[in-house]
Amino acid sequence: MMHSLQVPCTKENLKEIRYFVESALSRYNLSANDVNLMILAIDELCANLIIHSHQCNQDECIEVKVKNENQTFIFEIHDQSNDSFNLLEYKIPDIQQIITEKRNGSMGLMLVKRIMDDIEVERNDGHNICRLYKSLPEGSN
Amino acid sequence: MELKVSNEGKFHIIQVIGDLDASSSILLDNALEEAITTNTKSILIDCAELHYISSPGIGAFTSRLEECIEKNITMVLFGLNDKIVNVFRILGLDQLIMIKISKDDAKDHINDAQFTSALH
């Protein structure tokens, strides 16, 4: 079963996205910690798209889809933009360097990469799909 | 998200209530900036009612750590639930940001650190 949610690109909608992911995962027997981490990864990726790719333009939308296949959760985030940023090429920075340089960014995509098992990016004429995979057998915790 | 700021003796306390995400982290950032300018040497962050944190919220802390060190300010977080501690752990920040279980533990840590510092 595929669950999907489409919202305008505003930071205030991140909460709605989190509720949506939590609700989609609620039918599975998962630990609160695993649920929180998957919500966090989707939140981080959506925040990145909303803020950097869409500049919080509420006339533009992103869509989040969630499904489970063979004990693997598959999250898809769809958007239309020509942003050339490639998550797959993103190199995780050193945490000590982030602190020394007094930066308050750079940790979101670090979390996504550390939480998720696999990431795919598809681009097709301005339509982008970021697909995140997390294998988590039910009742494994 | 809501912040409540109070003082208990020398301790400047910021209580964070709700979700700390990309839309609300600016409030914490402002509160930390204000706390640092009050010349306090002891900042406690009460996270007992913090339900969720994402990277902008964490960034509000990491971006102030160096400044705290430079100004000899001790910042301690306390009362974090397991989910939130785990997020700090994934980033390796549980080794770099002082996290304590209770307010008393946090105060004890600051008192000990300041006592040790005064001896040197």
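Quick caveat, the model's predicted, so the values are computed rather than measured.

Asks: Give me the lowdown on the sheet that holds strand E3 (residues 42-53) of chain B, citing residues and values where you can.
Replies: Residues and elements named next belong to chain B. The strand order across the open sheet formed by five strands is E1-E2-E3-E4-E5, and the pairing between neighbours is mixed. Each having just a single partner strand, strand E1 (2-8) and strand E5 (98-100) make up the two edges of the open sheet. Taking each pair of neighbouring strands and ignoring which way they run, the sheet shows an average axis angle of 25 degrees. For E1 and strand E2 (residues 11-20), the ladder comprises seven bridges, and the chain directions are antiparallel.

Asks: Outline the packing of aromatic side chains, listing residues and values.
Replies: Residue and element names in this part refer to chain A. Scanning the entire structure with this criterion turns up one aromatic pair over all chains. Aromatic side chains Tyr-28 and Phe-73 sit 4.9 Å apart centroid to centroid with 90 degrees between the ring planes, which places their arrangement in the edge-to-face category. Of the two residues, Tyr-28 is situated in the loop between helix H1 (14-25) and helix H2 (32-53) and Phe-73 in strand E3 (residues 72-80); the sequence distance between them amounts to 45 residues. We note that Tyr-28, like Phe-73, is buried.

Asks: Before we move on, could you go through the confidence of the model for chain B and cite the residues and values that matter?
Replies: In the predicted model, chain B carries a mean pLDDT of 95, and 100% of its residues have values of at least 70. Model confidence for the complex: the whole-complex pTM is 0.93, and ipTM, which rates the interface, is 0.91.

Asks: Outline the packing of H1 of chain A against H2 of chain A, listing residues and values.
Replies: Residue and element names in this part refer to chain A. Between H1 and H2, the least distance of the axes is 9 Å, while the angle of their chain directions is 145 degrees. As H1 runs across H2, the sense of the crossing is right-handed. Contacts from Leu-14, Ile-17, Arg-18, Val-21, Glu-22 and Leu-25 of H1 reach H2 at Val-35, Met-38, Ile-39, Ile-42, Asp-43, Cys-46, Ala-47 and Ile-50. Split into classes, the residues belonging to the contact of H1 with H2 amount to eleven nonpolar, no polar and three charged.

What counts, and where the lines are drawn
- Residues numbered from 1 in each chain as written.
- Chains lettered and ligands numbered in written order.
- Predicted model: local features only at pLDDT ≥ 70, side-chain atom pairs only at ≥ 80, totals over all residues.
- Heavy atoms only, no water.
- Pairing = 2+ DSSP bridges.
- Helix = DSSP H or I, 4+ residues; strand = E, 2+ residues; numbered from the N terminus.
- Axes fitted to C-alpha atoms, helices over the stretch in contact; angles between N-to-C directions.
- Phe/Tyr/Trp six-rings, centres within 6.5 Å; stacked < 30°, edge-to-face > 60°.
- Buried < 20%, exposed > 50% of the residue type's maximum accessible area, 1.4 Å probe, protein only.
- pLDDT = per-residue confidence, 0-100.
- Left-handed = near helix turned anticlockwise from the far one by under 90°.
- Contact = heavy atoms within 4.5 Å.
- Nonpolar A, V, L, I, M, F, W, Y, C, P; charged D, E, K, R; others polar.

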